[in-house]
Amino acid sequence: MAKYIFVTGGVTSSLGKGIIAASLAKLLQARGFSVTIQKFDPYINVDPGTLNPYEHGECYVTDDGAETDLDLGHYERFLNKPTSQANNVTTGRIYQTVINKERAGDFLGKTVQVIPHITDEIKRRMKLLSEFGYEIIITELGGTVGDIESLPYLEALRQLRNEFDRDQCLTIHLTLIPYLAAAKELKTKPSQHSVKELLEAGIQPDILVCRTEKTLNEELRSKLALFCNLRYENVIEAMDADTIYDVPLMMLKEKLDIRVMELLNIKSKQDPDLKTWKDFLGHLKNPSEEITIGLVGKYNELQDAYKSIYEAFVHAGATNECKVKIKAIHAEDIEEEKDLSKVFADLDGLLVAPGFGERGIEGKINAVKYVREHELPFFGICLGMQCAVVEFARNVLKLKNASSTEVNPKTEHPIIDMMSEQRKIKNKGGTMRLGAYACELKKDSKAYEAYKDEIISERHRHRYELNNEYIDPLTKKGMLISGTNPDKNLVEIIEIPKHPWFVGVQFHPELKSTVERPHPLFVGFVKAAIKYKNMRAKL
Ligand code: GLN
């Protein structure tokens with residue numbers, strides 16, 4: 001029977017519940033348990049797919065094509081195991097299921113209510129992953145205790161705690177211990193109040209994890225234990241970290257995994273095997289090189305909008321023992337820029353980011369033109385790849401008005417066009433080309449050099465694609481189609497073999513980069529950027 005760990009959050013949002021959950025999962029995995037993590041989000045959207053990145057950061061896509069919360073990216077990066085639709089549930093999805101059942105007459109004339117119908121559906125989903133044979137299921141409850149929208153989840157949790165044996169589940173409450181600079185003191189009161197709030201919902205947390213910028217002394221830990229009805233050793237300190245990848249080792253030091261095993265009455269299967277993790281941290285913290293990559297995007301104000309790209313650079317940087325500095329460049333700021341040499345002067349490589357809609361497109365195309373002509377390593381992802389093809393069509397094939405029909409539906413040269421199966425779709429949610437598809441690589445290519453494999457699988461999230469009618473002219477003028485989908489003959493990777501490193505991909509490689517498996521294309525791109533930098537230094 002699976003054991004369940006629930007993670008709630010108090011005092012404020014953005015305390016890093018996802019990182020704490022992923023770190024604990026990592027430690028339990030390192031001790032030999034099969035672990036998974038799921039997240040329940042209290043908003044009414046059925047999934048985050050329809051949300052603007054400014055609202056919610058990046059939308060993370062799983063192999064099975066679910067559009068999910070970006071915390072699932074952390075789960076995969078930490079555990080090196082794929083997640084699926086079942087790992088992310090929203091209030092919208094819960095209500096949708098219950099309402100569909102009501103319409104089907106499944107409630108046999110009963111009044112459908114939050115308790116028990118919504119809470120029953122929440123509980124059913126909380127237990128769903130046990131069917132896959134996991135020994136430990138960690139559930140992160142989104143939102144902050146005290147929010148109106150979190151109430152049904154806390155109620156479901158209260159009920160479950162009564163249904164389970166005492167050692168079958170536990171609750172970890174993540175809270176903030178603010179430091180008041182004027183008083184030079186850490187304050188426990190907000191945490192006391194947030195635990196009271198949980199108690200009002202009928203839940204006594206078993207472990208308190210305390211985010212803090214200063215270390216918690218014995219007195220403070222005792223005070224928290226006393227006021228929050230906890231054993232002293234179940235008060236865990238979570239200091240601000242230099243990198244999220246430090247957190248598993250910090251939790252190991254605080255013995256969070258041991259406290260969890262005690263409470264769940266389970267024995268470690270082995271000493272924690274964290275060798276790969278520690279090696280990665282060693283490389284990450286002792287780089288021998290440093291490069292700067294320009295990231296041309298339009299959601300740059302919010303780093304979370306490109307979360308997986310930033311993390312993929314951390315992994316690929318560590319592999320190359322190189323610190324990768326990202327310089328965010330607003331696509332709109334460089335639309336009119338005739339001479340990009342100043343803006344790009346400190347760059348060793350350029351990535352053009354994924355995106356939707358017209359805003360910033362011309363800036364992205366302008367950026368590609370510069371890096372193509374100046375042999376700066378280039379990596380285009382999804383819309384970034386589409387911009388690279390449009391740029392090539394306009395400036396190399398001399399098709400002046402070439403465009404994507406997403407931007408200009410009436411363009412003379414629809415070099416990027418909507419996929420035929422997309423044309424009839426009206427609904428926005430969950431209807432793009434989503435999830436993992438196979439891609440066949442050409443042997444003599446940068447892509448093959450990176451993957452060292454002929455058939456790869458990558459995740460997609462788009463409606464438009466390269467128009468096959470232009471393959472001939474493109475290849476005649478020096479573009480290589482190095483990856484295609486074998487079933488539908490869709491172009492998935494383009495390259496310019498004459499350029500030192502110019503690769504555009506229709507899929508999202510960043511979603512599959514993990515600590516243990518840095519993504520080969522990011523590794524290759526960073527390598528090319530290091531080479532470019534060293535070459536430049538010699539000039
Ligand atoms: N807007 C483009 C499309 O739908 C690219 C999407 C993306 O970059 N994820 O095809």
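**Here's the deal with the packing of aromatic side chains**
For the structure on display, the rule yields 18 aromatic pairs. Centroid distance Y4 to F164: 4.8 Å. Interplanar angle 15°. Geometry classified as stacked. Taken together, the residues span a long stretch of sequence, with Y4 in strand 1 (residues 3-9) and F164 in the loop between helix 6 (151-163) and strand 7 (169-176) at a distance of 160 residues. With respect to class, Y4 is no different from F164; both count as buried. Put simply, the rings of F313, F379, W501, F522 and F525 touch in pairs and so form one group of aromatic residues. The aromatic ring of Y437 is capped on one face by R433, whose charged end is 4.4 Å from the ring centroid.

**Here we look at the site of the ligand**
Lining the immediate environment of the ligand, one finds P354, G355, F356, C382, L383, Q386, E406, R461, H462, R463, Y464 and H508. Between L383 and the ligand, the recorded distance is 3.0 Å, taken from a backbone N or O atom to an oxygen atom. In this structure, H508 approaches the ligand through a side-chain N or O atom, which is 3.1 Å from a nitrogen atom. Burial of the ligand by the surrounding chains reaches 99%, relative to a free accessible area of 300 Å². According to the grid-proximity analysis, the pocket containing the ligand is the largest cavity. Of all the secondary-structure elements, those providing two or more residues to the shell around the ligand are helix 14 (383-395) and strand 19 (455-462). Of the residues assigned to the shell around the ligand, the class counts are five nonpolar, four polar and three charged.

**Some thoughts on the pairing of strand 12 (residues 289-297)**
Of all nine residues in strand 12, seven are buried, a share of seventy percent or more. One ladder, built from nine bridges, connects strand 12 with strand 13 (residues 322-330); its direction is parallel. Opposite E289, over in strand 13, you have C322 as the bridge partner. Handedness of the β-α-β unit built from strand 12, helix 12 (residues 307-319) and strand 13 comes out right-handed. Relative to strand 14 (residues 349-352), strand 12 runs parallel, the two sharing four bridges. When the sheet's bridge partners are listed, G294 is paired in strand 14 with L350.

**Comments concerning the pattern of salt bridges**
With the rule as written, the count across this model stands at 41 salt bridges. A salt bridge links D63 to R459; its shortest N-O distance comes to 2.8 Å. Taken together, the residues D63 in the loop between strand 3 (60-61) and strand 4 (67-68) and R459 in strand 19 connect sequence positions 396 residues apart. On the basis of relative accessibility, which here comes to 30%, the residue D63 falls in the partly exposed class. K285 is the salt-bridge partner of D246, the closest N and O atoms lying 2.7 Å from each other. With D246 in the loop between strand 11 (235-239) and helix 9 (247-253) and K285 in helix 11 (residues 275-285), the pair connects residues that are 39 residues apart, well separated along the chain.

**Remarks on the nonpolar core**
Ranked by internal contacts, the top residues of the largest apolar core, which has 47 residues, are I5, L28, I138, I172, V209, L256 and V260. Per-element tally for this core: the top contributor is helix 1 (residues 17-30), with nine residues. In this view, I138 contacts I5, V7, A21, L24, A25, V35, T36, I37 and Q38; residues no more than four positions away in its chain are not counted. Counting 43 residues, the second-largest nonpolar core is a separate cluster that includes V352, C387, L399 and Y532.

**Observations concerning the sheet that holds strand 17 (residues 414-418)**
The three strands are arranged 16-17-20 in an open sheet whose pairing can be described as mixed. The open sheet has two edge strands, strand 16 (403-404) and strand 20 (464-466), and neither has a second partner. Of the pairings in the sheet, the one linking strand 17 to strand 20 comprises three bridges and is antiparallel in character. Paired with I416 across the bridge in strand 20 is L466.

**A short note on helix 3 (residues 71-79)**
Burial runs high along helix 3: nine of the nine residues are buried. Along helix 3, the positions that sit buried rather than exposed are D71, L72, G73, H74, Y75, E76, R77, F78 and L79. Positive backbone phi, approximately 60°, marks N80, located one or two places after helix 3.

**Concerning the packing of helix 4 (residues 91-103) against helix 5 (residues 114-128)**
Direction vectors running N to C along helix 4 and helix 5 enclose 120°, while the axes themselves pass 10 Å from each other. Regarding the angle of helix 4 to helix 5, the classification is oblique. In this structure, helix 4 crosses over helix 5, and the sense of that crossing is right-handed. Here R93, I94, Y95, T97, V98 and K101 of helix 4 lie close against helix 5, whose contacting residues are V114, H117, I118, E121, I122, R124 and R125. Along the lines of polarity and charge, the residues of the contact of helix 4 with helix 5 split into six nonpolar, two polar and five charged.

**Some thoughts on the side chain of D348**
With respect to the helices, strands and loops of the structure, D348 is situated in the loop between strand 13 and strand 14. Among the residues examined, D348 registers a relative accessible area of 2% and is labelled buried. Side-chain polar atoms of D348 contact the side chain of R536, separated by 2.7 Å. When neighbours within four sequence positions are excluded, D348 is seen to be in contact with E290, I291, T292, L376, P377, A529, Y532, K533 and R536.

**Notes on empty space enclosed by the protein**
Taken as a whole and assessed by the stated rule, the structure comprises four cavities of 30 Å³ or more. The space that makes up the largest cavity amounts to roughly 60 Å³. Taken together, P354, G355, F356, C382, L383, Q386, E406, R461, H462, R463 and Y464 make up the lining of the largest cavity. Across the lining of the largest cavity, the residue classes tally to five nonpolar, three polar and three charged. Volume-wise, the second largest cavity comes out at about 50 Å³. Taken together, V35, T36, I37, Y75, L79, K81, P82, T83, N87 and Y134 make up the full set of residues lining the second largest cavity. Taken together, the elements giving at least two residues each to the lining of the second largest cavity come down to strand 2 (35-41) and helix 3. Sort the elements by how many residues they give to the lining of the second largest cavity and strand 2 lands first, with three residues. When its residues are assigned to classes, the lining of the second largest cavity shows six nonpolar, three polar and one charged.

Cut-offs and rules
- Residue indices follow the written sequence of each chain, beginning from 1 at its first position.
- Per-residue local features are limited, in this predicted model, to residues with pLDDT of at least 70; the limit for side-chain atom pairs, both in listing and counting, is 80 or more; totals at the level of whole chains, interfaces and linings are taken over all residues.
- Hydrogens and water molecules were not included; the side-chain quantities draw on all heavy atoms of the structure.
- Two rings from Phe, Tyr or Trp (for Trp, the six-membered ring) form a pair when their centres are within 6.5 Å of each other. A pair whose planes differ by under 30 degrees is stacked, one over 60 is edge-to-face, and the rest are tilted.
- In DSSP terms, a helix is any run of H or I states spanning at least four residues, a strand is any run of E spanning at least two, and both are numbered starting from the N terminus.
- Classification of residues uses two cut-offs on accessible area relative to the type maximum, computed with a 1.4 Å probe and protein chains only: under 20% is buried, over 50% is exposed, and between them is partly exposed.
- Consider the ring centre and the ring normal. A charge sits over the ring if Lys NZ or Arg CZ is within 6 Å of that centre and within 35 degrees of that normal.
- Throughout this document, a residue counts as near a molecule or strand when at least one of its heavy atoms sits within 4 Å of that molecule or strand.
- Polar contacts, as counted here, are pairs of nitrogen or oxygen atoms within 3.5 Å of one another; within protein the pair requires one atom able to donate a hydrogen and one able to accept it, and residues that are adjacent in sequence qualify only if both atoms are side-chain atoms.
- What sets the accessible areas is the Shrake-Rupley method with a 1.4 Å probe; for residues, cover comes only from the shown protein chains.
- Lining residues are defined by having an atom within 4 Å of a point belonging to a cavity or pocket. Those points lie on a 1 Å grid over the protein atoms alone, cavities being sets where a 1.4 Å probe fits but cannot get out and pockets being open sets with protein on both sides within 12 Å along at least five of seven lines.
- The rule for placing a molecule in a cavity or pocket is simple: more than half of its atoms must lie within 2 Å of the grid points.
- Ten residue types, Ala, Val, Leu, Ile, Met, Phe, Trp, Tyr, Cys and Pro, are classed as nonpolar, four, Asp, Glu, Lys and Arg, as charged, and the remainder, Gly among them, as polar.
- Strands pair, by our definition, only if DSSP identifies at least two bridges between them.
- Think of it like this: strands point away, you trace from the first strand over the helix to the second, and a clockwise trace means the crossover is right-handed.
- Counted as salt bridges are all cases of a side-chain nitrogen of Lys or Arg within 4 Å of a carboxyl oxygen of Asp or Glu.
- Joining through side-chain atoms within 4.5 Å is the link that ties buried Ala, Val, Leu, Ile, Met, Phe, Trp, Tyr and Cys residues into a set, and such a set is a nonpolar core.
- Whether two residues touch is decided by their heavy atoms; if any such pair falls within 4.5 Å, the residues are in contact.
- To obtain each axis, a line is fitted to C-alpha atoms, and for helices this fit is confined to the stretch in contact; angles are then taken between N-to-C directions over 0 to 180 degrees.
- These descriptions rest on fixed angle ranges, namely under 35 degrees for roughly parallel, over 145 for roughly antiparallel, 65 to 115 for roughly perpendicular, and the rest for oblique.
- Less than a right angle of anticlockwise turn of the near helix away from the far helix marks a crossing as left-handed, whereas a clockwise turn marks it as right-handed.
- Grid points are joined across faces, edges and corners, and a volume is the space filled by probe spheres set on the points.

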